[in-house]
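Notes for the structure review
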Amino acid sequence: MKANKIYHNLSQLSSFRKEEYPQGEVVGKLLATLFLSLCLSLTSCSDSDDNTVATESILRITSVQTNTGTNAGTDASATRATAGYTAISTPPGARIGIFRLTATGYSSNISNSSYTCTGTSWTTDNDIYLNGQSANVCAYYPYHSETEYSNPASIPLASARYHTDISEDQAKDICYATSQSMNATSAPWNIKMEHACAQLVLKITKQKGYSRKFSLAKVTLGSIVTKATINITTGNVTNSTPTADYSYEPTATTGKVVPIPEEGSGDPCTTAALLIPYTVDATNGLTVTLYIKEEGATAAKDVSCYVEGLKGVELKAGVRYAVDLKLGVTGLQTKAILLEDLEAKNSETITKDPTFD
């Protein structure tokens, strides 16, 4: 009710004349008092999406952080681990999705509300209100507008190539913050997110003194989990059964190959993939097939190996696994290196796969 209308009605109530109403002065004051109390009660309610209690505030975000590792020297292996949290602050325009779940005192849930990083703060066009009663809120990054991301209990995951300079790869690297109970008196939210996937990094060189010039054209990972969903309210992953091989090219440009250097002559040919968490085959380990193209050749040839150091290993979300592969006259030499929070299970083998002719 508008203020001028309230005061106008109050003025009318207090202007009763005694000759028109025998007890006008007393009754008028009484009515005015009751009317004023009613108006104050009405104006204490909010115009937001929830009018169940008088106390309420807008959800505020102080920072958004992801659990990341240190740069291992190559851009493909710089984004995984448990070494601490790093704030998402660049580039400006990065977005997260937030859910407010259904709770007592709230008329509905809020699904996948987009918040945008301005460099120093997080803003939204759809404020989320919290009242005096508690509701669970959860979040994920990076933001997706597709309908598949409207249900926090079933956010899609996919194993995929990963490169820090390719936006479509980054979009698959889902991070999340599980449900947190908040209300109008809660402190601004400092969101700490965890990675939903593991990361496999392949570092490829050729044997020292091996004069033939090779480049990497494609990678195939055998019998991995290719698709799953995650409930970001709890962090539980479902549908995670190894079902298929996954192949990818090392760059975003179709058909572009990456040179493989001689060991010790500089940075290795490095490529990485996001992997949905699962337990690697306990008999052979992870099967890796490289499609190698020799200089002057019209087609690539494949050479495979088992990464035996990963036999029976549970690939965990938020952990980076680095594998050194060396191409030589006897095939591939493999050395699996488990980084960060896993116990070392390093092994070194020379596979019995056919030599690369």
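From a predicted model like this one, the values you see are computed outputs, not experimental measurements.

**Let's talk about the pairing of strand β14 (residues 214-224)**
Within β14, nine of the eleven residues are buried, leaving the element largely enclosed by the surrounding structure. Sheet analysis places β14 next to strand β21 (residues 286-294), joined by seven bridges and oriented antiparallel. Among the inter-strand pairings, Lys218 is bridged to a residue of β21, identified as Tyr291. Here β14 runs beside strand β18 (residues 258-259); their pairing, made up of two bridges, is antiparallel. The residue bridging Ser215 from the neighbouring strand is Pro259, located in β18. Judged from the four bridges that link them, β14 and strand β17 (residues 244-248) form a sheet pairing that is antiparallel.

**Overview of the environment of Ile174**
Checked against the element boundaries, Ile174 lands in the loop between α3 (167-170) and β11 (175-182). Classification of Ile174 as buried rests on a relative accessible area of 2%. Sequence separation between Ile174 and Tyr140 is 34 residues; the distance between their C-alpha atoms is 6.9 Å.

**Description of the packing of aromatic side chains**
One pass over the structure, following the stated rule, counts five aromatic pairs. Each ring, one from Tyr210 and one from Phe214, has its centre 5.7 Å from the other, and the planes form 50 degrees; the classification is tilted. Residue Phe214 is classed as buried on the basis of its relative accessible area, which comes to 3%. Here Tyr246 and Tyr248 contribute two aromatic rings whose centre-to-centre distance is 5.8 Å and whose plane-to-plane angle is 20 degrees, an arrangement assigned as stacked.

**Observations concerning the nonpolar core**
Counting residues in hydrophobic clusters, the biggest one holds 53 residues, and the most contacted among them are Leu202, Leu221, Leu286, Val288, Leu290 and Leu315. Counting 24 residues, the second largest nonpolar core, distinct from the first, contains Ile96, Ile98, Cys117 and Leu130.

**Notes on the environment of Asp173**
Residue placement: Asp173 occurs in the loop between α3 and β11. In sequence terms Asp173 and Ala273 are 100 residues apart; their C-alpha atoms lie 9.9 Å from each other. Of note is the side chain of Asp173, whose polar atom sits 3.2 Å from the side chain of His195.

**What about the pattern of salt bridges?**
Working definition: two side chains of opposite charge can pair if their charged atoms are close together. Overall, the coordinates contain five salt bridges when judged by the stated rule. The salt bridge partner of Glu168 is Arg161, with a shortest N-O separation of 3.7 Å. The class for Glu168 is partly exposed, based on a relative accessible area of 46%. Where Lys208 meets Glu262, a salt bridge forms, and the shortest distance between an N and an O atom there is 3.9 Å. Of this pair, Lys208 sits in the loop between β13 (198-206) and β14 while Glu262 sits in the loop between β18 and β19 (269-275), and the two are 54 residues apart along the sequence. Since its relative accessible area comes to 55%, Lys208 is described here as exposed. Owing to a relative accessible area of 24%, Glu262 belongs among the partly exposed residues under this scheme.

About the criteria used
- Residues numbered from 1 in each chain as written.
- Predicted model: local features only at pLDDT ≥ 70, side-chain atom pairs only at ≥ 80, totals over all residues.
- Heavy atoms only, no water.
- Buried < 20%, exposed > 50% of the residue type's maximum accessible area, 1.4 Å probe, protein only.
- Helix = DSSP H or I, 4+ residues; strand = E, 2+ residues; numbered from the N terminus.
- Pairing = 2+ DSSP bridges.
- Phe/Tyr/Trp six-rings, centres within 6.5 Å; stacked < 30°, edge-to-face > 60°.
- Core = buried A, V, L, I, M, F, W, Y, C linked by side-chain atoms within 4.5 Å.
- Polar contact = N/O pair within 3.5 Å; in protein donor to acceptor, adjacent residues only side chain to side chain.
- Salt bridge = Lys/Arg side-chain N within 4 Å of Asp/Glu carboxyl O.

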